[in-house]
Amino acid sequence: MPRGPAYTPRMFYSWYATCPRGAEPAMELELAELGAKGIRPSVGIVRFTGPREVALRACLLLRTALRVLEPVGEFPAITADELYAGVAKLPWADLIAPGQTFAVSATGRTEHLNHTHFVELKIKDAVVDTLGRRDVDVKAPDVLVVAHLGNGKCSVSLDLVGDLLSNRGYRVRTVEAPLRESLAAAMLLLSGWDRKTPLHDPVCGSGTIAIEAALLASGRAPNEQRPLACERWPRTQGDKAVLDKLRAELRGRVVKPPEILASDRDAEAVAAARENVQRAGVAVRVFQQDARETKPLSPAGQLVMNVPYGERLDAGGRKQLKSFYHSLGVALRPLAGHRAAVLSASEDFESAFGIRPRGVRRVLWNGPLRSTLYNYEL
Ligand SMILES: C[S@@+](CC[C@H](N)C(=O)[O-])C[C@H]1O[C@@H](n2cnc3c(N)ncnc32)[C@H](O)[C@@H]1O
């Protein structure tokens, strides 16, 4: 059986965390706060260094991250043969223990390798051939191999968590266009909210922003209770004890958050948000209201919202949406002393809303949707 070179733990002092594109500045701050060093951002990914404990902390604490990755190798991969050969050289027998299953998730492309599914299959074949076993489980693998192709290279990593960190588990019911939890967290971190004044999302949909706000303000680690894939790996069996210690430490840090409100005009959305709030175990008051009837918070606080963008609306719908943005601006303008952070994917939003934003307009990608985060002082 072919076998790669022996595994060297030294290479694991460098880590990657991925996030929604545009959220990198927020994740850099989060990483610095948890003690990461050598922080180097690029698009949708931030590299950092530190002992293994820092990467484990990142898994429990990062609000903006999608994955925390342990890099295992990088090599040129212009052709499928190069991809196969590069993967086959990695020490799979050391990385995937006997009896454990794996799956492959790939992103990116190179000139000749531009079909993600093909890339995943090629990588899987190389791992199976190197290991001499076929322990693939695409639904719940013990080891998720994450590959990224770009600039003629392939970088291969293992996902410490095994699933997207944004799937927090509290969203049991959604309505149209829910935000990824990690993107909602990035909006909150980039809004400049002090986490002490009240917060309201008046177009709350399934309640993601308000729930993330409650987790943030109470100091609750978003993934504290989440079992991590790496706890099951025999190679890193020390992780479980470190994580148990971190979890106990994090539980001791929880504080009482300020008042957090979530409302929507749609009864279905209100019901979904209530259910999700309950599942998340946070204190958020959810109610039905038209956003154009938003009342001042006491004391003055922060509004954070992701306005409807109506990507499927026809021309008449677009006009209606512009008129909604305008009347929302008219309704929010009198809320003296409040701040607002609005994420919009509509090019009509800024002028129709009619209030001049403060500071930089940040581009945040909501999946494939290019959106802008505007901050306002009302
Ligand atoms: C883009 S979705 C918000 C998604 C939400 N951030 C989430 O994660 O689920 C926009 C929401 O605005 C609500 N909405 C539309 N017009 C409204 C209005 N006039 N007042 C209050 N809510 C409104 C819709 O019902 C929808 O739930």
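Given the structure is predicted, the values throughout are model-derived calculations rather than measurements.

1. What to know about the packing of helix 2 (residues 52-61) against helix 8 (residues 239-251)
So, step 1. Where helix 2 meets helix 8, the closest approach of the two axes is 10 Å, and the angle between their N-to-C directions is 50 degrees. In terms of orientation, helix 2 and helix 8 fall into the oblique class. Read as a crossing pair, helix 2 and helix 8 show a hand that is right-handed. For the pair formed by helix 2 and helix 8, the contact residues are E53, L56, R57 and L60 on the first element and D239, V242, L243, L246, R247 and L250 on the second.

2. Overview of the environment of N151
So, step 1. Among the structural elements, N151 can be located in the loop between strand 6 (143-150) and strand 7 (153-159).
So, step 2. A count of 7 C-beta atoms within 10 Å places N151 in the exposed class.
So, step 3. Sequence-wise, N151 and I78 are 73 residues apart; in three dimensions their C-alpha atoms are separated by 8.8 Å.

3. Some words on the domain arrangement of the protein chain
So, step 1. If you check the domain split of the protein chain, you get domain 1 (9-159) and domain 2 (181-219 + 255-377).
So, step 2. Using only C-alpha atoms to locate each centre, domain 1 and domain 2 end up separated by 33 Å.
So, step 3. Taken together, the contact pairs 11 residues of domain 1 with 12 residues of domain 2.

4. Some remarks on the site of the ligand
So, step 1. Residues in close proximity to the ligand total 19 residues, the closest being V203, G205, S206, T208 and A291.
So, step 2. The residue inventory of the shell around the ligand, partitioned by class, reads 10 nonpolar, 4 polar and 5 charged.

5. Things to note about the sheet that holds strand 7
Backbone-to-backbone hydrogen bonds pair the strands of a sheet. The strands run either parallel or antiparallel.
So, step 1. What the 7 strands build is an open sheet, ordered 2-3-1-4-7-6-5; its pairing is mixed. Of all the strands in the sheet, just strand 2 (37-42) and strand 5 (102-108) have a single pairing partner and so form its edges. Taking each pair of neighbouring strands and ignoring which way they run, the sheet shows an average axis angle of 30 degrees.
So, step 2. Bridge count for strand 1 (residues 14-18) against strand 3 (residues 45-49) is 5 bridges, and the pairing is antiparallel. For Y16, the partnering residue across the bridge sits in strand 3 and is R47.
So, step 3. Together, strand 5 and strand 6 form the strand contacts of helix 5 (residues 116-131), whose direction differs from that of strand 5 by roughly 140 degrees.

So, how was this worked out
Residues numbered from 1 in each chain as written. Predicted model: local features only at pLDDT ≥ 70, side-chain atom pairs only at ≥ 80, totals over all residues. Axes fitted to C-alpha atoms, helices over the stretch in contact; angles between N-to-C directions. Helix = DSSP H or I, 4+ residues; strand = E, 2+ residues; numbered from the N terminus. Parallel < 35°, antiparallel > 145°, perpendicular 65-115°, else oblique. Left-handed = near helix turned anticlockwise from the far one by under 90°. Contact = placed C-beta atoms within 7 Å. Buried ≥ 20, exposed ≤ 12 C-beta atoms within 10 Å, placed from the backbone. Domains from an automatic or database assignment. Near = placed C-beta within 6 Å. Nonpolar A, V, L, I, M, F, W, Y, C, P; charged D, E, K, R; others polar. Pairing = 2+ DSSP bridges.

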